[in-house]
Amino acid sequence: ENVQVVGRIESAGVEPGGRKRFFEQLAMRIFSGATETTGEVHHESDPDQPLEIVVNCRAPHFVNLTGPADMEQLVPSLGLRKLYLRTPTRKFPLYIDTPLVETATFRLRLPAGVSITSRAADLQLQTRFGSYAVRFRQLAPGLIEMQRDFRIPVQVIPPELFDEFSRFANRID
């Protein structure tokens, strides 16, 4: 039930007064129903180091542990479908006006007595639209680490390439 998320984000502008709310929103985006959220920011004054955001929370209803469980979406969704795939086809080009860039490490600590029977498969995608990779490691019994890295640049996607972009975005989400 204790969940620790360690994220390395290349840029962020969260004011100190709004951090508690930011940490709570981040935890809720990753784990619906997250509670007892705390967080820290490291390296914010050192431009030579990546900004590191550490969020700790409890997610007591993340998965039902009364029997064998299957966690479909262990790594948080990027939400590309919600942002860009609202219609199945396009008449006009799709303009992605903000680069989507992240390198993050998520650590999930399972409750005592819960074990992993099979690990999710690693994924690495490299397309004309960007790259996405996720790797899973079991660090210790009940402790899973997920490393995610993605780079989706600012770009204009013509209507004739929208199906290909949709497959890329759906595969990631």
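Rules of the game
Residues numbered from 1 in each chain as written. Predicted model: local features only at pLDDT ≥ 70, side-chain atom pairs only at ≥ 80, totals over all residues. Heavy atoms only, no water. Helix = DSSP H or I, 4+ residues; strand = E, 2+ residues; numbered from the N terminus. Buried < 20%, exposed > 50% of the residue type's maximum accessible area, 1.4 Å probe, protein only. Contact = heavy atoms within 4.5 Å. Areas by Shrake-Rupley, 256 points an atom, 1.4 Å probe, with all protein chains shown as cover. Phe/Tyr/Trp six-rings, centres within 6.5 Å; stacked < 30°, edge-to-face > 60°. Salt bridge = Lys/Arg side-chain N within 4 Å of Asp/Glu carboxyl O. Arc of directions from axis to C-beta.

A. Quick look at the overall build of the protein chain. The helix and strand tally for the protein chain stands at three helices and nine strands. Written out in order from the N terminus, the α and β elements of the protein chain read β-α-β-β-α-β-β-β-β-β-β-α. Across the 173 residues of the protein chain, 36% fall into the buried class. Expressed as a percentage of contacts within the protein chain between residues at least 6 apart in sequence, the contacts between residues at least 24 apart total 69%. For the protein chain, the accessible surface area stands at approximately 10,700 Å², while carbon and sulfur atoms represent 50% of it.

B. Highlighting the packing of aromatic side chains. Enumeration over the complete set of coordinates arrives at five aromatic pairs. With a centroid separation of 6.3 Å and an interplanar angle of 35°, the aromatic rings of Phe129 and Phe168 are classed as tilted. One end of the pair, Phe129, is in the loop between strand S6 (123–127) and strand S7 (130–140); the other, Phe168, is in helix H3 (residues 162–172), and 39 residues separate them in sequence. Judged by its relative accessible area of 2%, Phe129 falls in the buried class. When its relative accessible area of 5% is taken as the criterion, Phe168 is described as buried. Between Tyr132 and Phe150 the ring centres are 6.4 Å apart and the planes differ by 20°, which places this aromatic pair in the stacked class. With a gap of 18 residues between them, Tyr132 in strand S7 and Phe150 in strand S8 (residues 143–152) connect regions that are remote in the sequence.

C. Region of the structure containing the pattern of salt bridges. Under the counting rule described, the total for this entry stands at eight salt bridges. A salt bridge links Arg148 to Glu102; the shortest N-O distance between them is 2.8 Å. One end of the pair, Arg148, is in strand S8; the other, Glu102, is in strand S5 (residues 100–109), with 46 residues separating them in the sequence. Among the ionic pairs, Arg137 bridges to Glu145, the shortest N-O distance being 2.8 Å. One network of salt bridges, with partners in common, ties together Arg107, Arg137 and Glu145.

D. Highlighting the environment of Tyr95. Considering the arrangement of structural elements, one finds Tyr95 in strand S4 (residues 94–96). Taking the C-alpha atoms as reference points, Tyr95 and Val154, 59 residues apart in sequence, are found 7.7 Å from one another. Apart from the residues within four sequence positions on either side, Tyr95 is in contact with Val154, Gln155 and Val156.

E. Quick look at the environment of Val154. Looking at where Val154 falls in the secondary structure, it is placed in the loop between S8 and strand S9 (155–157). Residues contacting Val154, with those up to four places away along its chain left out, are Tyr95, Ile96, Asp97, Thr98 and Pro99.

F. Broad picture of unusual backbone geometry. Phi is positive for Glu36, close to 50°, though the residue is something other than glycine. Take Glu36: it is sitting in strand S2 (residues 35–42). Take Glu36: its relative accessible area is 59%, and that puts it in the exposed class. A positive phi angle is found at His43, which is not glycine, with a value near 70°. With respect to the helices and strands, His43 occurs in the loop between S2 and strand S3 (51–58).

G. Structural detail: H3. Among all positions of H3, only Phe162, Phe165, Ser166, Phe168, Ala169 and Ile172 are buried. Viewed along the axis of H3, the buried residues span an arc of 165°, placing them on a single side of the element. Residues of H3 that are exposed and point more than 90 degrees away from the buried face comprise Arg167 and Arg171.

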